[in-house]
Amino acid sequence: MTLVSTHALTAFYGDFQALFGVDFELDEGEIAAVIGANGAGKSTFLRSIAGANSADAGAVRLAGAPVGGLGAPRMARLGVSLVPEGRRLFPSLSVEENLQVGRSTGRVGPWTLERVYRLFPRLEERRAAPALQLSGGEQQMAAIGRALMGNPRLLLCDELSLGLAPVVIKSIYETIPQLAREGVTLVIVEQDIGIALGVAQRVTCLQHGRVSLSGAPAGLTREQISAAYFGH
Amino acid sequence: MLAEWTNTIVQGVLLGGLYGMFAMGLSLIWGVMRLVNIAHGDFILLGAYVALVFGETAGLHPLAALPLVVAAMALLGFLLQRGVLNRTLGKGLLPPLLVTFGLSVVVQNLLLQAFSADSQALRAEGLTTASLQLGESLAVGWFPLGVFASALLMGLGLQFLFARTAFGRKLRATSDDHETVQLLGVDEKRMYALAMALAFALMAVAGVLLGMRTSFAPTDGPANLLFAFEAVVIGGLGSFWGTFAGGVILGVAQAVGFRLDPGWGLLVGHFVFLAVLLFKPEGLFPRTR
């Protein structure tokens with residue numbers, strides 16, 4: 001079943017048009033990677049699905065229903081959570097309080113503090129620490145955990161690897177297939193193509209706000225991806 | 001001599017409790033949504049007038065009317081934020097200042113129209129004159145004592161609300177990053193409206209107690225705002241204890257001023273405020289993070 005799709009999605013980043021008619025489709029339980037160079041429109045694409053960017057109602061569909069432009073709070077309550085670029089933890093809240101705010105979607109489901117701590121044991125050790133005292137990797141775990149606390153159907157992850165050491169990136173990306181097995185559908189935006197292709201069943205490449213390539217990673221050659229990425 | 005000064009300080013501390021109460025709503029709103037409500041003092045006064053109406057029409061004692069005043073003012077605050085103030089946010093500091101300044105003028109003139117410029121008072125027979133004798137030359141009024149205790153409880157309650165409840169957590173998160181909370185399902189505009197309702201409830205309590213303590217007239221609002229503002233600046237933004245302490249310091253400064261010369265009371269208060277602003281602009285008890 002198709003969980004999320006976009007249909008000729010256009011979006012603006014300020015006054016600048018960032019997306020020009022993007023079509024996208026993802027089945028429930030799958031992991032999609034969205035790749036592309038800086039400024040290709042990847043973040044705007046995620047934010048449009050999450051309701052943080054305005055969009056035509058019919059341009060974004062969740063389980064078939066038109067949901068474009070509903071606004072972030074309503075999308076979160078419908079089960080679409082975005083892990084924002086740069087983590088964006090709440091500085092005056094402790095780690096555990098950050099996770100608890102994630103419960104604001106009011107959705108019931110399997111994710112609780114205990115489950116998040118089981119997924120990221122480091123967070124339990126640092127539960128009382130102010131959020132910004134965590135290392136970059138721990139902050140990223142907290143940001144993912146906070147989004148999971150809302151029991152999302154669809155989790156959108158923006159540049160999880162940003163500013164992290166390779167070994168930390170690896171350990172964070174090891175949890176992604178685990179989330180998918182729990183029934184969460186994921187869209188991963190990444191600059192690092194290797195990581196993205198490693199976890200995803202589908203890949204979509206954006207170039208200047210348009211889809212330049214899409215398909216299963218196995219069926220795509222390095223040359224095809226390179227051409228779609230850099231635009232030769 | 002010593003007894004007289006002790007008396008002055010004690011009265012100042014008790015008066016300061018009321019100022020602290022004035023200031024908490026202002027501090028709360030600034031903390032959550034970075035809005036300075038210029039009409040703060042006028043809405044405190046409006047609370048006193050609402051109690052006056054309940055007293056004159058239904059014969060209710062001010063304290064009996066208090067829950068009704070709190071409910072009415074909280075509703076007004078909620079609607080005001082939803083209908084007007086939310087539209088002024090996110091465009092810099094100036095729009096909320098201008099709009100609340102306008103509201104201040106509107107409230108003052110509506111009060112003048114409805115109640116005339118005459119001074120009014122909330123009658124609370126006996127309660128406001130009874131006192132507790134502490135030693136030979138020191139007497140403390142039960143009523144100022146009660147006001148002080150209420151202000152303390154209010155600070156305690158707010159501290160608990162912000163530190164320990166889900167609602168307080170969401171308010172702090174909204175204050176930290178109002179974009180990210182929305183991604184988590186928190187409706188920012190609704191949080192602001194609820195915060196304003198809470199602030200108006202606190203202002204209603206302050207207004208009724210003010211009206212029981214002294215007489216009041218429609219143009220007194222800006223002075224209330226000034227005391228609230230001074231208490232917040234002296235205490236430093238960020239903690240309700242700081243705000244409360246700021247109120248007490250202002251109250252003591254005014255009392256000492258009055259003791260030196262009846263014309264100096266408010267002036268000494270203003271000097272203390274200016275001194276803090278000059279030498280410790282972050283306030284005496286700023287938030288430590």
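Residues numbered from 1 in each chain as written. Chains lettered and ligands numbered in written order. Predicted model: local features only at pLDDT ≥ 70, side-chain atom pairs only at ≥ 80, totals over all residues. Heavy atoms only, no water.

Q: So what's going on with the side chain of Asn98(A)? Which residues, and what values?
A: Within the secondary structure layout, Asn98(A) lies in helix α3 (residues 95-101). At 3.4 Å, the side chain of Asn98(A) and the side chain of Arg146(A) are in polar contact. (Helix = DSSP H or I, 4+ residues; strand = E, 2+ residues; numbered from the N terminus. Polar contact = N/O pair within 3.5 Å; in protein donor to acceptor, adjacent residues only side chain to side chain.)

Q: I'd like a description of the interface of chain A and chain B, backed by residues and values.
A: The extent of an interface is frequently quoted as the accessible surface area lost upon association of the parts. Of the residues lining the interface, 21 residues belong to chain A; the matching set on chain B comes to 17 residues. Taking both sides of the interface into account, the surface hidden between chain A and chain B amounts to around 1,800 Å²; carbon and sulfur atoms contribute 58%. Per-residue buried area on chain A facing chain B is highest for Arg88(A), Phe90(A) and Ser92(A); these three make up 27% of the total on that side. Along the contact surface separating chain A from chain B lie three salt bridges. Here Glu97(A) and Arg172(B) are joined by a salt bridge, their closest N and O atoms 2.8 Å apart. If you look at where chain A meets chain B, you find nine residue pairs in polar contact (both at pLDDT 80 or more). Listed by contribution, the elements that provide at least two residues to the side of chain A that touches chain B are α2 (72-78), α3 and α6 (136-148) of chain A. Of all the elements, α2(A) adds the most residues to the side of chain A that touches chain B, at four residues. Residues belonging to the side of chain A that touches chain B are distributed by class as follows: 12 nonpolar, five polar and four charged. (Contact = heavy atoms within 4.5 Å. Buried area = accessible area lost by both parts, 1.4 Å probe. Salt bridge = Lys/Arg side-chain N within 4 Å of Asp/Glu carboxyl O. Nonpolar A, V, L, I, M, F, W, Y, C, P; charged D, E, K, R; others polar.)

Q: Tell me about a nonpolar patch on the surface, residues and numbers included.
A: All names here are of chain B. A contiguous nonpolar surface patch, about 590 Å² in accessible area, is contributed by Leu260, Trp264, Leu267, Phe271, Leu274 and Leu277. The element that contributes the greatest number of residues to the nonpolar patch is helix α11 (residues 265-279), accounting for four residues. Take Leu267: it is sitting in helix α11. Judged by relative accessible area, which is 42%, Leu267 ranks as partly exposed. (Patch = residues over 30% accessible without salt bridge, like charges linked within 9 Å, V, L, I, M, F, W, Y side chains within 5 Å. Areas by Shrake-Rupley, 256 points an atom, 1.4 Å probe, with all protein chains shown as cover. Buried < 20%, exposed > 50% of the residue type's maximum accessible area, 1.4 Å probe, protein only.)

Q: Would you mind going over the state of the cysteines in detail, with residue names and values included?
A: Residue and element names in this part refer to chain A. As enumerated under the stated definition, the model contains zero disulfides over all chains in all. Free cysteine Cys157: the closest other cysteine sulfur is in Cys205, separated by 19 Å. By relative accessible area, Cys157 is classed as buried at 0%. (Disulfide = S-S within 2.5 Å.)

Q: Just give me the short version of the packing of aromatic side chains, but keep the residues and values in it.
A: Following the criterion strictly, the structure yields 10 aromatic pairs over all chains and no others. Ring geometry for Tyr19(B) versus Phe22(B): centroids 6.1 Å apart, planes at 45°, classification tilted. Pair noted here: Tyr19(B) and Phe22(B) are both in helix α1 (residues 2-33), with a separation of three residues, about one helical turn. Considered together, Tyr19(B) and Phe22(B) belong to a single accessibility category, that of buried residues. Ring geometry for Trp241(B) versus Phe244(B): centroids 6.3 Å apart, planes at 85°, classification edge-to-face. Highlighted residues: Trp241(B) and Phe244(B), both in helix α10 (residues 240-260), separated by three residues, approximately one helical turn. Looking at Phe244(B), the relative accessible area reads 7%, which means it is buried. A connected cluster of aromatic rings, assembled from ring pairs, spans Tyr19(B), Phe22(B) and Phe227(B). A cation over an aromatic ring shows up here: Arg115(A) above the ring of Trp111(A), its NZ or CZ 4.8 Å from the ring centre. Note that Arg210(A) overlies the ring of Phe20(A), its terminal NZ or CZ placed 4.5 Å from the centroid. (Phe/Tyr/Trp six-rings, centres within 6.5 Å; stacked < 30°, edge-to-face > 60°. Lys NZ or Arg CZ within 6 Å of the ring centre and 35° of its normal.)

Q: I'd like a description of the pairing of strand β8 (residues 185-190) of chain A, backed by residues and values.
A: Residues and elements named next belong to chain A. The element β8 is extensively covered by neighbouring structure, given that six of its six residues are classed as buried. As paired elements, strand β3 (residues 31-35) and β8 share five bridges and run parallel to each other. From the neighbouring strand, Ala32 faces β8, where its bridge partner is Val187. In the classification by handedness, the crossover that spans strand β7 (residues 154-158), the intervening helix α7 (residues 166-181) and the parallel β8 is right-handed. (Pairing = 2+ DSSP bridges. Right-handed = clockwise from strand over helix to strand, strands pointing away.)

Q: Can you explain the environment of Asp158(A)? Please cite residues and give values.
A: Residues and elements named next belong to chain A. Relative to the assigned elements, Asp158 resides in strand β7. Sequence-wise, Asp158 and Glu85 are 73 residues apart; in three dimensions their C-alpha atoms are separated by 4.9 Å. Sequence-distant contacts of Asp158, that is, excluding residues within four places in its chain, are made with Ser43, Leu46, Val83, Pro84, Glu85 and Val189. A distance of 2.8 Å separates the side chain of Asp158 from the side chain of Ser43, its partner in a polar contact.

Q: Please set out the sheet that holds β7(A) residue by residue, giving values where relevant.
A: Pairing between sheet strands relies on hydrogen bonds along the backbone, with the strands arranged either parallel or antiparallel. All names here are of chain A. Taken together, the six strands give an open sheet; going across it, the order is β6-β7-β8-β3-β9-β10, and neighbouring strands pair in mixed fashion. With one partner strand each, in any of the chains shown, β6 (80-83) and β10 (210-215) form the two edges of the open sheet. Taken pair by pair, the neighbouring strands of this sheet meet at an average axis angle of 20°, ignoring direction. As defined by bridge partners, β3 adjoins strand β9 (residues 202-207) across four bridges and the pair is classed as parallel. Residue pairing across strands places Ala32 opposite Arg202, the latter belonging to β9. Of the strands in this sheet, β3, β6, β7, β8 and β9 touch helix α1 (residues 42-49), which is tilted by about 155° from β7. Contacts from helix α9 (residues 222-230) reach β3, β9 and β10, with the element oriented near 35° to β9. (Axes fitted to C-alpha atoms, helices over the stretch in contact; angles between N-to-C directions.)

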